[in-house]
Amino acid sequence: MATAALPAPAYMSARDWSMLVLLGLLWGGSFFFARVAVLEIDPLVLVLLRVAIAAAALHVYLAARGPSFAAALPMAGAFFGLAMLNNVIPFSLMFLGQTELGAGLASVLNATTPFWTVMLANAFTDDEKLTGRKLAGIGLGIAGTAVMIGPGLFAGLGGPVWAKFALVGTAMSYGCAAIFARRFRALPPPIVATGQLTASTIIMVPVIMSTGGLGMLADASPQAWASVVALALVSTAIAYILFFSLIASAGATNASLVTLIVPVFAILLGAMFLAERLALFELAGMALIGSGLVVIDGRLLRRR
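Cut-offs used in this document
- Residues numbered from 1 in each chain as written.
- Predicted model: local features only at pLDDT ≥ 70, side-chain atom pairs only at ≥ 80, totals over all residues.
- Heavy atoms only, no water.
- Helix = DSSP H or I, 4+ residues; strand = E, 2+ residues; numbered from the N terminus.
- Buried < 20%, exposed > 50% of the residue type's maximum accessible area, 1.4 Å probe, protein only.
- Contact = heavy atoms within 4.5 Å.
- Patch = residues over 30% accessible without salt bridge, like charges linked within 9 Å, V, L, I, M, F, W, Y side chains within 5 Å.
- Areas by Shrake-Rupley, 256 points an atom, 1.4 Å probe, with all protein chains shown as cover.
- Salt bridge = Lys/Arg side-chain N within 4 Å of Asp/Glu carboxyl O.
- Core = buried A, V, L, I, M, F, W, Y, C linked by side-chain atoms within 4.5 Å.
- Axes fitted to C-alpha atoms, helices over the stretch in contact; angles between N-to-C directions.
- Parallel < 35°, antiparallel > 145°, perpendicular 65-115°, else oblique.
- Left-handed = near helix turned anticlockwise from the far one by under 90°.
- Nonpolar A, V, L, I, M, F, W, Y, C, P; charged D, E, K, R; others polar.
- Phe/Tyr/Trp six-rings, centres within 6.5 Å; stacked < 30°, edge-to-face > 60°.

Structurally, Ser 30 can be placed in helix H1 (residues 14–37). Residue Ser 30 is classed as buried on the basis of its relative accessible area, which comes to 10%. In this structure, Ser 30 is in contact with Arg 50, Leu 231 and Ser 235, ignoring residues within four places of it in sequence.

So, in structure tokens, the structure goes:
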């Protein structure tokens, strides 16, 4: 079935590109914060803390600044669907796949999200159709991610097929979420972000309670808690407002391009704050990703 919605622009505006880059920075920072927090906090508990603190912060924001969250209530069931597609399913598949695969291969498979998004958008929307330019740009971006990972890519190539399918499923779930989120474009982005994160919290609470609860948090250090708060407020609450704003203004396919930019910022932040050295292959991969984004945008090539 086709999704009736506002027409997507032919090109992303400067504001859209700015939001995409900032979103890549915020989600790239999530790897930095999670790397600190996960040393002391179980990954699934970290997921719950991430969505719960972000949801609480956004509810406080809406109560103080508006608009009213009451506008989300008629779509409560749809928000649970969005939470499953954009948080619960991909997080679970990603954790499952990464028990057998190296981080490099997992990053490349996750970077296929724009490919699945553009294919799904072509099938299920009226205004985001497949073009050769989009496919070429996405291909360059995925290739750039593979080059940027470099030797680390080969660490997980021998993993089981089911684990690779789990990571492909992660990317497909994110693609489905981007298409599904189009139905919320009439709502302000802060309400959409709050609704999704609230639903994710409600889903995750019984999951954590059935797997041991939160007892281990008593031993977490101040540094771990600071990383949890930054992960929730910066890389989740603010980031999802940007994400849903981008879907509303630039479309699902363009919003999904952030998965090509996230690894770039994850590596750059590691170099800046964790004393990790940038290698030549990482710079080459970043250049390929940049070229892919230029091709997708199309304006520079058109002028030439």
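Attention now moves to the environment of Ile 238. Checked against the element boundaries, Ile 238 lands in helix H9 (residues 222–250). Residue classification places Ile 238 among the partly exposed positions, given a relative accessible area of 45%. Here the alpha-carbon distance between Ile 238 and Ala 54, two residues 184 residues apart in the chain, equals 8.5 Å. Leave out the neighbours within four places in its chain, and Ile 238 touches Leu 26 and Leu 233.

A cluster of nonpolar residues, Val 229, Leu 233, Val 234 and Ile 238, forms a patch on the protein surface that exposes about 270 Å² of accessible area. With respect to the helices, strands and loops of the structure, Val 234 is situated in helix H9. Assessed through its relative accessible area of 30%, Val 234 is described here as partly exposed.

The biggest cluster of nonpolar side chains holds 59 residues, and the ones touching the most others in it are Leu 20, Trp 27, Phe 79, Leu 82, Phe 184, Phe 243 and Phe 244. With ten residues, H9 is the largest single contributor of residues to this core. Residues within four places of Leu 82 in sequence aside, it is in contact with Asn 87, Ala 177, Phe 180, Ala 181, Phe 184, Val 192, Gln 196 and Phe 244.

Look at the link from Gly 66 to Pro 67: it is a cis peptide, with omega at 0°. As for its placement among the helices and strands, Pro 67 is situated in the loop between helix H2 (43–65) and helix H3 (76–97).

For the rest of this paragraph, the subject is the packing of helix H5 (residues 113–124) against helix H7 (residues 161–180). Running from N to C, H5 and H7 cross one another at 45°; their axes reach a closest spacing of 8 Å. When the axes of H5 and H7 are compared, the pair comes out oblique. In this structure, H5 meets H7 at a crossing whose hand is right-handed. Contacts between H5 and H7 pair Thr 113, Trp 116, Thr 117, Leu 120 and Ala 121 from the former with Val 168, Ala 171, Met 172, Tyr 174, Gly 175, Cys 176, Ala 178 and Ile 179 from the latter. Its residues placed into classes, the contact of H5 with H7 shows ten nonpolar, three polar and no charged.

Taken as a whole and assessed by the stated rule, the structure comprises eight aromatic pairs. Their ring planes at 80° and their centres at 6.2 Å tell us that Tyr 240 and Phe 243 sit as a pair that is edge-to-face. Here the residue Tyr 240 and the residue Phe 243 both occupy positions in helix H9, the gap between them amounting to three residues, near one helical turn. Both residues of the pair, Tyr 240 and Phe 243, belong to the buried class.

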